[in-house]
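Spelled out from the first residue to the last, the chains are:
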Amino acid sequence: SRKDKKQLKIIKLFSSKQDNGILTIDVRKNFLFKISKSFFSNFTNLTSINLSENYLFKISEGFSKFKNLKTLRLENNLITYIPPFIGKMENLENL
């Protein structure tokens, strides 16, 4: 099905060993429960991440590695706490 193909592409993207110049990732509505540690080392140039409408319950400190990140969309997840490191992300404009 189309949904299965989309999820397979996401798995392939997240398991990539290099960032390939990717600046934006949009994985909203993908039933994600957590973000793998490799995600944070593979996509160092990201400026925008949309993780909204998933089942995330925690904001990993790994997000602080994204020095160029301007937009981090996390609405409609299970997150109840915004950790202090988020406020220290110098380029983050939209949360």
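Quick notes on the rules
Per-chain numbering applies: the sequence of each chain, read as written, is numbered from 1 onward. With pLDDT at 70 or above as the cut-off, local features in this predicted model cover only qualifying residues; side-chain atom pairs require 80 or more to be listed or tallied, and sums for whole chains, interfaces and linings still use all residues. Each side-chain value is worked out from all heavy atoms of the structure, with water and hydrogens disregarded. Between the rings of Phe, Tyr and Trp (Trp by its six-membered ring), a pair exists once the centres lie within 6.5 Å; its type follows the angle of the planes, with under 30 degrees stacked, over 60 edge-to-face, and the other angles tilted. Helix numbering and strand numbering both begin at the N terminus, where a helix is a DSSP run of H or I of at least 4 residues and a strand a DSSP run of E of at least 2. Under the scheme applied here, a residue whose accessible area is under 20% of the maximum for its type counts as buried, over 50% as exposed, and between as partly exposed, the area being computed with a 1.4 Å probe on protein chains only. What pLDDT expresses is the predictor's confidence in each residue, scored from 0 to 100. Should any heavy atoms of two residues lie within 4.5 Å, those residues are counted as being in contact. Think of it this way: DSSP has to see at least two bridges between two strands before they count as a pair. In this description, a line fitted to the C-alpha atoms serves as the axis of each element, helices being fitted only across the stretch in contact, and the angle between N-to-C directions of two axes falls anywhere from 0 to 180 degrees. Salt bridges are counted wherever a side-chain nitrogen of Lys or Arg sits within 4 Å of a carboxyl oxygen of Asp or Glu.

**With respect to the packing of aromatic side chains**
No. 1: All chains considered together, the criterion is met by three aromatic pairs.
No. 2: Where Phe-31 meets Tyr-55, the ring centres are 5.9 Å apart and the plane angle is 15°; that geometry is what we call stacked. Within this pair, whereas Phe-31 is found in the loop between strand E1 (24–26) and helix H2 (37–42), its partner Tyr-55 is found in the loop between strand E2 (48–50) and strand E3 (71–73), the two being separated by 24 residues in sequence.
No. 3: For Phe-31, a relative accessible area of 41% corresponds to the partly exposed category.
No. 4: Residue class for Tyr-55 comes out partly exposed when judged on its relative accessible area of 34%.

**Describing the confidence of the model for the protein**
No. 1: Per-residue confidence for the protein gives a mean pLDDT of 80; residues scoring 70 or more make up 79%.
No. 2: Confidence drops under pLDDT 50 across residues 4–9; counting only partners more than four residues distant or on other chains, this segment forms four contacts.

**With respect to the sheet that holds E1**
No. 1: Spatial strand order, E1-E2-E3: three strands in an open sheet with parallel pairing. Every other strand in the sheet has two partners, leaving E1 and E3 as the edge strands with one partner each. Averaged over all neighbouring strand pairs, the angle between strand axes comes to 5°, with direction disregarded.
No. 2: Two strands pair when backbone bridges link them, and E1 and E2 are joined in this way by three bridges, in the parallel orientation. Bridged to Asp-26 within E2 is Asn-50.

**Brief notes about the pattern of salt bridges**
No. 1: A full pass over the atoms with the stated rule returns three salt bridges.
No. 2: Between Arg-28 and Asp-26 there is a salt bridge, with its nearest N and O atoms 3.1 Å apart.
No. 3: Classification of Arg-28 by relative accessible area gives partly exposed; the value is 38%.
No. 4: We classify Asp-26 as partly exposed; its relative accessible area is 38%.
No. 5: Where Lys-29 meets Glu-53, a salt bridge forms, and the shortest distance between an N and an O atom there is 3.8 Å. One end of the pair, Lys-29, is in the loop between E1 and H2; the other, Glu-53, is in the loop between E2 and E3, and 24 residues separate them in sequence.

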